[in-house]
Structure formats: structure tokens, C-alpha cells
Amino acid sequence: MRVIKAADYKDMSRKAANIISAQVIMKPNAVLGLATGSTPIGTYEQLVEWYKKGDLDFSQVTTVNLDEYIGLSHDHEQSYYYFMNKHLYSKVNLDLSRCYVPNGLEMNASKACTEYEQLVKRVGGVDLQLLGLGHNGHIGFNEPGSAFEMTTHAVTLTSSTLDANKRFFESVDEMPKAAYTMGIKTIMQAKKIVLIVSSADKAEILKRIIEGPVIPEVPASILQLHNDVTIVADAAACKYI
Ligand code: GLP
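Remember, predicted model here, so these are calculated numbers, not experimental data.

Attention now moves to the overall build of the chain. Secondary structure summary: the chain contains 7 helices and 10 strands in total. At 17 Å, the chain has a C-alpha radius of gyration in line with the 18 Å of a compact globule built from 241 residues. For the chain, the spread of C-alpha atoms along the principal axes amounts to about 40 × 40 × 35 Å. In the chain, 80% of the contacts between residues at least 6 apart in sequence involve partners at least 24 apart. When the accessible surface of the chain is totalled, it reaches about 10500 Å², and 52% of it is carbon and sulfur. Of note, the chain has its 24 positive side-chain charges centred 6 Å away from the centre of its 27 negative side-chain charges.

Below, the structure is given as C-alpha cells:
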């Protein structure tokens, strides 16, 4: 694992966007694995800025997102598809027919997950996977205790994740309690992984994933076993490393 210490959120975002840009420049038809949450917003903003300056071309890029709430449609303001459209798809020249997010409206979980897993294979696998980090060490929606060998699957969200993400909904009752997520196995098959981490409240979990044992109770600890992981973390998150 390479750890790049960034000064602050903006610096973290620029460094992560630089790595993604390099990927797209080196391989214009790259498959990018993308993430939601508040952490990647600055990274997407930076990519949009460089696109507008003419430095980046996404026309041949394919994107596959990590996860989606079950029950939310693309136009629901809290769906991850909506988030991606708002922060990236609608602002750059990505071809929407190649921007994929698990289908939250497919109620047949095994169908939704099998199809998504096949899709990731069909597009040739992920060249670069961007990840955020949950406060409990989750990646995508792989909550503590998830088996490392899981592929795309349906999950029941833990109370700590419901708590962390309820701020985006009018009330916790409106928040979906389940999601589809790429599994740890799917994530680990990406050729390169970039994990971005910001703020002091993630400092302790960041230390555990880098220095602690590789255990399902800390899902992101599995990244220690991948051969091309770059962690870009701001100074506040790096407090203990
Ligand atoms: C959600 C997403 C994760 C994300 C996490 C952290 O639970 N499913 O992919 O990494 O939130 O979010 P934030 O960046 O807002 O802390």
C-alpha cells in the first residue's frame, strides 16, 4: 500500500483526480470504478474542471459504481445514480450508455447482483477503482463481518451506516435499509485501487486498515493484500500514521 499524505481536503482531491486523469490519458477507454459519499465530491469537481479546460476526454470511458440503495430510482435525489449524474456524468462528456450503477429498482436480488457482476466482467474488469471509507471501515457497502469472497450482493445496512448517512434524508424512516454493493472480491479484482480518506473522524479506522490485522471486522483491511493500492489521505485523517 502506498500512502500519499495530502495537506487538506482540496489537496487530497487534486491528488486523487491526478491519478484518475493519468489513467484516462494512458488508457482513453479505461473502466473506472467510482464511489459516492461526501469524500469523492472534490475529486469529481477537479476532474470536471480539467475536462472544461480541455485536458481530459471521457468519451470512451466506461464507469461502474460500487453500490446503490435498494428501492431508489435514478431520479430519486438520494440515489447514487442521481449523485453520480449531478457530480460527474452531466458535467463531462461521458457516454451515459456506459455509466453503470447497480439497479436499485430490481427487487429480485439475485438477478440484480448476477447481472451486475456479469456486466463488470463484460466491460473487461475495472482498471482503476476509487473508494471512500466508511467510519466502520466499510468499502462500498461491505459492512464489518462481510466475507472477503463475496461478489455483488444485497446487504442490510448497519445502524452505524444508517446513522452516518441519514443526514442526506429527511428522516431515518425514509432511508432505505438495504443496498446492492459490489463485494470485496469484486473490488479486489480491480487492477488499481485508490482509497481517499478525509477528516479526523476517520484517523483511527485508517490506522487500523493500514497497520492492523486483515480481518472481515475491518473490511478495508483486505486492501493490504492487493498489489496496487494507493491511499490518498488528508493530514487530519493521517493523525495516527
Ligand atoms: C457510503 C458509501 C461508501 C462511502 C461511505 C463514506 O456508505 N456506500 O462507498 O465510502 O459512504 O462516505 P463519506 O465519504 O461521506 O464519509
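Two elements in contact, helix H2 (residues 41–52) and helix H3 (residues 80–87), have axes separated by 10 Å at closest approach and are oriented at 40°. When H2 is examined against H3, the residues Ile41, Tyr44 and Val48 are found in contact with a partner set consisting of Phe83, Met84 and His87. For the contact of H2 with H3, a count of residues per class yields 5 nonpolar, 1 polar and no charged.

The next subject is the nonpolar core. Residues Ile139, Leu195 and Ile209 are the most contacted members of the largest nonpolar core, which totals 32 residues. Discounting chain neighbours no more than four positions away, the residues touching Ile209 are Met1, Leu133, Leu195, Val218, Ala220, Ser221 and Gln224.

Strands sit in the order E1-E10-E9-E6-E2-E3-E5 across an open sheet of 7 strands; the sheet is parallel. In this open sheet, the two strands that pair with only one neighbour each are strand E1 (2–6) and strand E5 (99–100). The pairing of strand E9 (residues 192–197) with strand E10 (residues 229–234) spans 5 bridges and is classified as parallel. From the neighbouring strand, Ile193 faces E10, where its bridge partner is Val229. Packing against the sheet, helix H1 (residues 9–26) makes contact with E1, strand E2 (31–34), strand E6 (128–131), E9 and E10, and its axis sits at approximately 155° to E10. The sheet contacts of helix H7 (residues 203–211) involve E1, E9 and E10, and relative to E10 the element is tilted by about 155°.

Lining the immediate surroundings of the ligand are 14 residues, of which Ser38, Thr39, Asp67, His138 and Lys202 lie closest. Interatomic distance of 2.4 Å between a side-chain N/O atom of Thr39 and an oxygen atom of the ligand. Contact with the protein chains covers 96% of the free accessible surface of the ligand, which is 390 Å². Among the detected pockets, the ligand sits in the largest pocket. Of the residues assigned to the shell around the ligand, the class counts are 3 nonpolar, 8 polar and 3 charged.

Along the chain, the position of Trp50 falls in helix H2. Taking the C-alpha atoms as reference, Trp50 lies 9.7 Å from Asn18; in sequence the two are 32 residues apart. The contact partners of Trp50, leaving out residues within four places of it in the chain, are Arg14, Ala17, Asn18, Ser21, Asp55 and Leu56.

On the basis of which strands lie adjacent, the open sheet formed by 3 strands has the order E4-E8-E7 and antiparallel pairing. Of all the strands in the sheet, the pair left with one neighbour each is strand E4 (67–69) and strand E7 (153–156). Within the sheet, the average angular offset between the axes of one strand and its neighbour, ignoring direction, is 25°. The pairing of E4 with strand E8 (residues 178–181) spans 3 bridges and is antiparallel. Bridged to Tyr69 within E8 is Ala179.

In an α-helix, one turn spans 3.6 residues, which is why side chains three or four residues apart end up on the same side. Along its 14 residues, helix H4 (residues 109–122) runs 20 Å from first to last C-alpha, staying within 8% of the 20 Å computed at 1.5 Å per residue. Turning to H4, its buried residues are Ala112, Cys113, Tyr116, Glu117, Leu119 and Val120. Buried residues along H4 cover an arc of 155° about the axis, so they all sit on one side. Along H4, the residues that are exposed and aim more than 90 degrees away from the buried face are Ser110, Lys121 and Arg122. Among the structural elements, strand E3 (62–65), E5, E7, E8 and helix H6 (184–188) are those in contact with the buried residues of H4. The residue sitting at the N-terminus of H4 and contributing the capping side-chain oxygen is Asn108; that oxygen lies 3.2 Å from the backbone nitrogen of Ser110.

What counts, and where the lines are drawn
Residues numbered from 1 in each chain as written. Predicted model: local features only at pLDDT ≥ 70, side-chain atom pairs only at ≥ 80, totals over all residues. Heavy atoms only, no water. Helix = DSSP H or I, 4+ residues; strand = E, 2+ residues; numbered from the N terminus. Rg over C-alpha atoms; globule rule 2.2 N^0.38 Å. Contact = heavy atoms within 4.5 Å. Areas by Shrake-Rupley, 256 points an atom, 1.4 Å probe, with all protein chains shown as cover. Lys, Arg positive; Asp, Glu negative; His and termini not counted. Charge placed at Lys NZ, Arg CZ, Asp CG, Glu CD. Axes fitted to C-alpha atoms, helices over the stretch in contact; angles between N-to-C directions. Nonpolar A, V, L, I, M, F, W, Y, C, P; charged D, E, K, R; others polar. Core = buried A, V, L, I, M, F, W, Y, C linked by side-chain atoms within 4.5 Å. Buried < 20%, exposed > 50% of the residue type's maximum accessible area, 1.4 Å probe, protein only. Pairing = 2+ DSSP bridges. Near = heavy atom within 4 Å. Polar contact = N/O pair within 3.5 Å; in protein donor to acceptor, adjacent residues only side chain to side chain. 1 Å grid on protein atoms, 1.4 Å probe; cavity = no way out; pocket = protein on both sides within 12 Å on 5 of 7 lines; lining within 4 Å. Sits in = over half its atoms within 2 Å of the grid points. Expected span 1.5 Å × (residues − 1). Arc of directions from axis to C-beta.

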